[in-house]
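Structural overview for review
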Amino acid sequence: MNPPIDLRSDTVTKPTPAMRAAMAAAEVGDDVFGDDPTVNALQARIAALLGKEAALFVPTGTQSNLCGLMAHCQRGDEYLVGQMAHTYRWEGGGAAVLGSIQPQPLPNQPDGSIALEDIAAAIKPDDAHFARTRLLALEDTWGGQVLPQAYIESATALARSKGLATHLDGARLFNAAVASGLPALEIARHFDSVSVCFSKGLGAPVGSALVGGREFIARAHRIRKMVGGGMRQAGVLAAAALHALDHHVERLAEDHAHARALAEGLQGLPGVTVTPPQSNILFVDLAPEKAPGVVDRLRAAGVLCTGLYRLRFVTHLDVSSRDIDRAIGVLRQHL
Ligand SMILES: *Cc1c(COP(=O)(O)O)cnc(C)c1O
């Protein structure tokens, strides 16, 4: 029997032999002393790539967002965030629990944006009754969709005009860049800070980076230590991220093509609605009578996916075109 095709997430990739070789060969030092040359090289590289002064290497995207939110906001400040945003919904409420930052969740529009009117209406006046609205946080890609560039420009301009800072959860920023054909820097430059994951589509086993201005990153550095993210000889991990930046960015286009192929392969099935994917995430909605137990049935047939709100299939480095063909066969039989 073939091994299962794992489309649950792009976090399931295993480091390639070349990536492992780069990790094994990495020069390291104690990064809490600032001594790890590979971490320092990665931080310089990702900061330059995204057009910011400084960067901080952190274990996870969750910690990256948390350090970013806490570096922007004081206790009792408020941040505006999408109702379905990762920072708000999927990070254990860390901003509120650990940062005492009040989230003001706002509806995500179908394209992942937050309506400008909603942003404007949610910014509280300077009045002792209210938390101080301090930050707007957006996410790109959002559910695999690329935030429209014109939207990013107007939302961040609105935030700035109201004195708010801006943060981008760019866990899949490079997917957005490859899918839109815009350099990642063109997207990042509208934000004060950006978080990117190396452990998603880029295929590194561990690691994210927070980028921003020098003083902002200095504040985030202290917070990283506070939340336990000061790592020692982390260069073995940074080497994987550097390797990913060298070898796994352009190839994201293959993942996007695979997601489109999967979507096309599912056309015409009754009771199955396929949302055309913009990057590496495909959502499929089923008629109610088809939904119960479907994730388990697919698993038994050799295709792994998630189905918390809708069926979600994510393509990545460890999925080949043959896997996609096989997955289409299984899905056509079992959906
Ligand atoms: C995965 C993800 C994160 C968090 O990354 P972890 O490394 O899993 O903590 C943050 N934001 C988005 C949009 C993500 O997809």
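Residues numbered from 1 in each chain as written. Predicted model: local features only at pLDDT ≥ 70, side-chain atom pairs only at ≥ 80, totals over all residues. Heavy atoms only, no water.

Remarks on the pattern of salt bridges
One side chain can pair with another of opposite charge once the charged atoms of both are near each other. In total, this model carries 10 salt bridges according to the counting rule given. Between E186 and R189 there is a salt bridge, and its shortest N-O distance comes to 3.1 Å. Judged by its relative accessible area of 48%, R189 is partly exposed. Here R310 and D285 are joined by a salt bridge, their closest N and O atoms 2.8 Å apart. You can see R310 sitting in the loop between β11 (303-304) and β12 (311-314) and its partner D285 sitting in strand β10 (residues 281-286), a full 25 residues away along the chain. What makes D285 partly exposed here is its relative accessible area of 26%. (Salt bridge = Lys/Arg side-chain N within 4 Å of Asp/Glu carboxyl O. Buried < 20%, exposed > 50% of the residue type's maximum accessible area, 1.4 Å probe, protein only. Helix = DSSP H or I, 4+ residues; strand = E, 2+ residues; numbered from the N terminus.)

Looking at helix α12 (residues 252-265)
Helix length check: α12 (14 residues) gives 20 Å between terminal C-alpha atoms against 20 Å at 1.5 Å per residue, within 8%. Buried within α12 we find L252, D255, H256, H258, A259, L262, A263 and G265. As for α12, its buried residues are in contact with α8 (173-180), β9 (272-275), β10, β12 and α14 (321-334). (Expected span 1.5 Å × (residues − 1). Contact = heavy atoms within 4.5 Å.)

Quick notes on the environment of G92
Examined against the element boundaries, G92 turns out to sit in the loop between α4 (86-89) and α5 (94-99). Along the sequence, G92 and T62 sit 30 residues apart, while their C-alpha atoms lie 9.2 Å from each other.

Thoughts on the sheet that holds β12
Here 3 strands make up an open sheet; going across it, the order is β9-β10-β12 and the pairing antiparallel. The sheet is open, and its two edges are formed by β9 and β12, each paired on a single side. Averaged over all adjacent pairs, the angle separating strand axes in this sheet is 25°, with direction ignored. (Pairing = 2+ DSSP bridges. Axes fitted to C-alpha atoms, helices over the stretch in contact; angles between N-to-C directions.)

Comments concerning unusual backbone geometry
Cis peptide bonds are those with omega within 30 degrees of zero, and the linkage from D140 to T141 qualifies with -5°. Tracing the backbone shows T141 in the loop between β5 (132-139) and α7 (149-161). With a phi angle near 50°, S100 is a residue other than glycine that sits in the positive phi range. Judged by its relative accessible area of 30%, S100 is partly exposed.

A closer look at the site of the ligand
Near the ligand the following residues occur: T60, G61, T62, N65, H86, E91, E139, D169, A171, R172, C197 and K200. A distance of 2.6 Å is found between an oxygen atom of the ligand and a side-chain nitrogen or oxygen belonging to T62. D169 is positioned with one of its side-chain polar atoms (N or O) 2.6 Å from a nitrogen atom of the ligand. If the ligand stood free it would expose 380 Å²; the protein chains cover 83% of that surface. Broken down by element, the residue count for the shell around the ligand peaks at 3 residues, all from helix α3 (residues 61-72). The residue makeup of the shell around the ligand, split by class, is 2 nonpolar, 5 polar and 5 charged. (Near = heavy atom within 4 Å. Polar contact = N/O pair within 3.5 Å; in protein donor to acceptor, adjacent residues only side chain to side chain. Areas by Shrake-Rupley, 256 points an atom, 1.4 Å probe, with all protein chains shown as cover. Nonpolar A, V, L, I, M, F, W, Y, C, P; charged D, E, K, R; others polar.)

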